[in-house]
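Here is how the chains run, residue by residue.
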Amino acid sequence: MTRRPERRALVVGVRPDKREEYLALHRAVWPGVERKLTECNVRNYSIFIFGDILFAYYEYVGEDHEADMRRIADDPVSQEWWTHTDPCQVRIAEERDPGALWQPVEEVWHLA
């Protein structure tokens, strides 16, 4: 039996003066960033924009989400990527994940 992926969603704001910079970065996401996400069991990752709101969705197919997220956070390429993307973002939601810009969004419905 194949394990069903965990669906994850997050939200953050994009600073209006950094919007175009953020979009340009994501038109050419670094291969090392994508590789690490894949190695850490992240699939079907999308980021959507609506005005100055960014909404991310991904599916996690591993066994230990927290450990895989730490592996991404410890990755030097991902850390460098964030030095470019983090200044473009601003927290806009209740702080559920202390210190994080991107905050988790609760799923209320899913059609399988």
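Residues numbered from 1 in each chain as written. Predicted model: local features only at pLDDT ≥ 70, side-chain atom pairs only at ≥ 80, totals over all residues. Heavy atoms only, no water.

- Taking an unreviewed UniProt entry as the reference, the protein chain is identified by name as L-rhamnose mutarotase belonging to Actinacidiphila glaucinigra.

### Digging into the overall build of the protein chain
Alright, step 1. Broken down by element type, the protein chain carries 4 helices and 5 strands.
Alright, step 2. Along the protein chain, helices and strands appear, N-terminal first, in the series β-α-α-β-β-α-α-β-β.
Alright, step 3. In summary, the protein chain has a C-alpha radius of gyration of 14 Å against a globular reference of 13 Å for 112 residues, a match within 12%.
Alright, step 4. Seen through its principal axes, the protein chain has C-alpha atoms that stretch 50 × 35 × 25 Å.
Alright, step 5. In the protein chain, which comprises 112 residues, the share counted as buried stands at 29%.
Alright, step 6. Across the protein chain, every contact between residues at least 6 apart in sequence was considered, and the portion connecting residues at least 24 apart equals 67%. (Helix = DSSP H or I, 4+ residues; strand = E, 2+ residues; numbered from the N terminus. Rg over C-alpha atoms; globule rule 2.2 N^0.38 Å. Buried < 20%, exposed > 50% of the residue type's maximum accessible area, 1.4 Å probe, protein only. Contact = heavy atoms within 4.5 Å.)

### Overview of the packing of aromatic side chains
Alright, step 1. Counted under the stated rule, the structure contains 3 aromatic pairs.
Alright, step 2. Ring geometry for Trp30 versus Trp81: centroids 5.1 Å apart, planes at 70°, classification edge-to-face. Taken as a pair, Trp30 in the loop between α1 (19-27) and α2 (31-39) and Trp81 in helix α4 (residues 76-85) lie far apart in primary sequence, 51 residues in all.
Alright, step 3. Ring centres 5.4 Å apart and planes at 45° place the aromatic pair Tyr45 and Tyr58 in the tilted group. Residue Tyr45 is found in strand β2 (residues 42-50), and its partner Tyr58 is found in strand β3 (residues 53-60); the two are separated by 13 residues along the sequence. (Phe/Tyr/Trp six-rings, centres within 6.5 Å; stacked < 30°, edge-to-face > 60°.)

### Notes on the environment of Leu25
Alright, step 1. Secondary-structure assignment places Leu25 in helix α1.
Alright, step 2. Under the relative-accessibility criterion, Leu25 is labelled buried at 17%.
Alright, step 3. A sequence separation of 22 residues divides Leu25 from Ile47, and the C-alpha atoms of the two residues are 12 Å apart.

### Details of the pairing of β2
Alright, step 1. For β2 and β3, the ladder comprises 7 bridges, and the chain directions are antiparallel. Within the sheet, the bridge partner assigned to Ile47 lies in β3 and is Ala56.
Alright, step 2. Hairpin geometry of β2 and β3 is characterised by an intervening segment of 2 residues between the two adjacent antiparallel strands and by a positive phi of about 65° at Gly51. (Pairing = 2+ DSSP bridges.)

### Here's the deal with the pattern of salt bridges
Alright, step 1. Following the criterion strictly, the structure yields 9 salt bridges and no others.
Alright, step 2. Of the charged contacts, one joins Glu39 and Lys36 as a salt bridge, the two residues approaching to 3.1 Å between their closest N and O atoms. Of this pair, Glu39 and Lys36 both sit in helix α2, 3 residues apart, which is roughly one turn of the helix.
Alright, step 3. Residue Glu39 is classed as partly exposed on the basis of its relative accessible area, which comes to 41%.
Alright, step 4. Judged by its relative accessible area of 17%, Lys36 is buried.
Alright, step 5. Connected through shared salt-bridge partners, Arg19, Glu20 and Asp52 make up one network. (Salt bridge = Lys/Arg side-chain N within 4 Å of Asp/Glu carboxyl O.)

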